[in-house]
Amino acid sequence: MENGHSQAFHRAPASVSPPTGFAQGQGSFSGMMAAGQTHARQGSMSLSPQSPPGSSTAAAVNGVLSARSRAVSIPGHSAAQVPKMLTPFDMGDIRILLLENVSQGAVDMLRQQGYQVDFHKGAWSEEELCEKIHNYHAIGIRSKTKLTAKVFRKAPKLLVVGCFCIGTNQVDLTAAAKAGVAVFNSPFANSRSVAELVIGEMIALSRQLVDRAAEMRTGEWNKVSKGCYEVRGKVLGIVGYGHIGSQLSVLAEAMGMSVIYHDVLPLMPLGSARQTESLNELLAHADFVTLHVPELPETKNMMGAAQLAQMKKGAYLLNNARGTVVDIPALIDSLQSGHLAGAAVDVYPREPKANAKDSFVDGLNGWESRLRACPNVILTPHIGGSTEEAQRMIGIEVANALIRYINYGGSVGSVNFPEVDLRVITEADSRVVRICYVHQNQPGSLRAINDILGSHNVDKQHTDSFKDVAYLMADISGVDDDDVRDLYDKITKTDANILTRLLS
Ligand SMILES: NC(=O)c1ccc[n+]([C@@H]2O[C@H](COP(=O)([O-])OP(=O)(O)OC[C@H]3O[C@@H](n4cnc5c(N)ncnc54)[C@H](O)[C@@H]3O)[C@@H](O)[C@H]2O)c1
């Protein structure tokens, strides 16, 4: 099998806005006109010009069409259907830095692409990153490595960041976008882990398992059946029927529960579940209410005193979503009054920053000791998604996102970047070059690029903007080496250019 596609890319040495508040840009789908109607702020972040590794820019541009493509043979498929594998540079030239012991599966996937992967178990300091980041086209981190604006200024080759975790607070997302660097994470890889925990918690609550187990640890034998129930035949009310809520729906029905759910969107039910007209309707009917909504202004304290009072007497509340969704003092009142028969809480408005004894104390939120004293309450330290399987899935998902972006330019799923993609170039498409143009979202930027592309056959094109940064992907067919050089030179000289790559 041959490989060795090439990619030319060029990052503007010129002005890129500093990471101050973005103006809300106007996104557009395949919008040739959109950028002409949007605004950008000029700034002063300076980045050095760069050439593809191991070659001069011009040589890399020349290499675009001469690069050999890696054909995938799929029995029964004609060349018109077989996706052509696009990869940048000669294989082996892409260098990826993986820190914080990301999963071995991810390392293997990236090495299989022919990338040079440098793997380190620990996190790197800002100083260490500033010293060495200039060597890398991609970096993979977890939560401890901080990618600051200063780091991005020292990273002229960097194309993409993979956060092998859920959160992205450790990355200056604005600075990344303005440097033309897309950031990916894995928000949904642990959905199954959370759904399974909820099943376990429902059984534990309805059998008062945690209180009985705690008594046994102090030597107390307290065999009771009063107030203990099976979950079979009970009604589960799911608030937020997204990735976690819908998985849970299927698992709960398999145990003989009836499922109702409330969501702001009309969503197709799985199995025999039924969407309720309102949150109140769900609260009035559910024996278990479990929360799976995101943290938003609208979901802050969405379970307050009034909603808890709406719940059936003897019902249970479970919160594995976000700490701000439940008014915890109101929950404590409801448990102490005996209105609710129990609760499971995994997330809190303020959580300790690190594992430590005596860190979940009243100094944190002010009600910890009162909550701990409530009967039949399961308190866990935000472990809903913390499993070995979830870690593995995160590795696969983020590695896939890196490969997709590096090899094909697709940015769908990025947290800081316009989400753009194009359908595949097939083996039957001859002399097709893909242009990936990250640019400032400023008036006239699309007119400028379309003037350049106008004399070529644009097979397909998609552009969108996110705040100050816009991203255009275009497949141009029937191009020869001279055309490519010309296209590349002209595009990289546009005023709005942040980062241009050519893939074939
Ligand atoms: N405990 C943990 O360790 C852990 C792990 C993973 C996720 N989470 C949290 O779980 C929550 C759900 O995650 P997910 O992956 O299922 O998210 P998701 O985005 O797939 O689903 C969320 C659902 O909530 C709905 N929604 C939004 N606002 C709503 C509202 N006001 N009322 C009703 N429904 C509303 C959305 O339409 C969507 O269907 C998130 O807050 C996430 O941060 C916690």
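Everything below is about the structure printed above this text.
What you see is a predicted model, and the numbers here were worked out from it, not measured in a lab. (Residues numbered from 1 in each chain as written. Predicted model: local features only at pLDDT ≥ 70, side-chain atom pairs only at ≥ 80, totals over all residues.)

## Details of the overall build of the protein
Cut-off, in case you're wondering: Secondary structure elements are defined from DSSP: runs of H or I of at least 4 residues count as helices, runs of E of at least 2 residues count as strands, and each element is numbered from the N terminus. A pair of residues counts as a contact when their C-beta atoms, built from backbone coordinates, are within 7 Å of each other.
Looking only at helices and strands, one finds 16 helices and 17 strands in the protein. Once local pairs closer than 6 in sequence are excluded, the contacts in the protein between residues at least 24 apart make up 71%.

## As for the site of the ligand
Note the cut-off: Residues are classed as near a molecule or strand if the C-beta position derived from their backbone is within 6 Å of it. Under this grouping Gly is polar, as are all residues other than the nonpolar Ala, Val, Leu, Ile, Met, Phe, Trp, Tyr, Cys and Pro and the charged Asp, Glu, Lys and Arg.
Surveying the vicinity of the ligand reveals 30 residues, the closest of which are G240, G242, I244, G384 and G385. Sorting the residues of the shell around the ligand by element identifies α6 (191–206) and α8 (243–254) as the ones contributing at least two each. Within the shell around the ligand, the residues separate by chemical class into twelve nonpolar, 13 polar and five charged.

## Observations regarding the sheet that holds strand β13 (residues 377–379)
In plain terms, the rule: Each pair of strands is called paired provided DSSP finds at least two bridges between the two strands. Angles here are taken between N-to-C directions and fall from 0 to 180 degrees, while the axes themselves are lines fitted to C-alpha atoms, restricted in helices to the stretch in contact.
Strand order across the open sheet formed by seven strands is β9-β8-β7-β10-β11-β12-β13, with parallel pairing between neighbours. Each of the sheet's edge strands pairs with one partner strand only, and the pair in question is β9 (274–275) and β13. Where strand β12 (residues 340–345) meets β13, three bridges bridge the pair, whose relative direction is parallel. Residue pairing in the sheet places A343 in a bridge with V377 of β13. Strands β7 (235–239), β8 (258–262) and β10 (288–291) of the sheet are contacted by α8, whose axis makes an angle of about 165° with β8.

## What to know about the sheet that holds strand β6 (residues 182–184)
Overall, parallel pairing links the five strands, which are arranged β3-β2-β4-β5-β6 in an open sheet. Single-partner strands in this sheet number two, and they are β3 (116–119) and β6. Strand after strand, the sheet turns through a mean of 15° between neighbouring axes, direction not considered. Strands in contact with helix α2 (residues 104–112) are β2 (95–98), β3 and β4 (138–141); relative to β3, the strand with the most contacts, it is inclined by about 155°.

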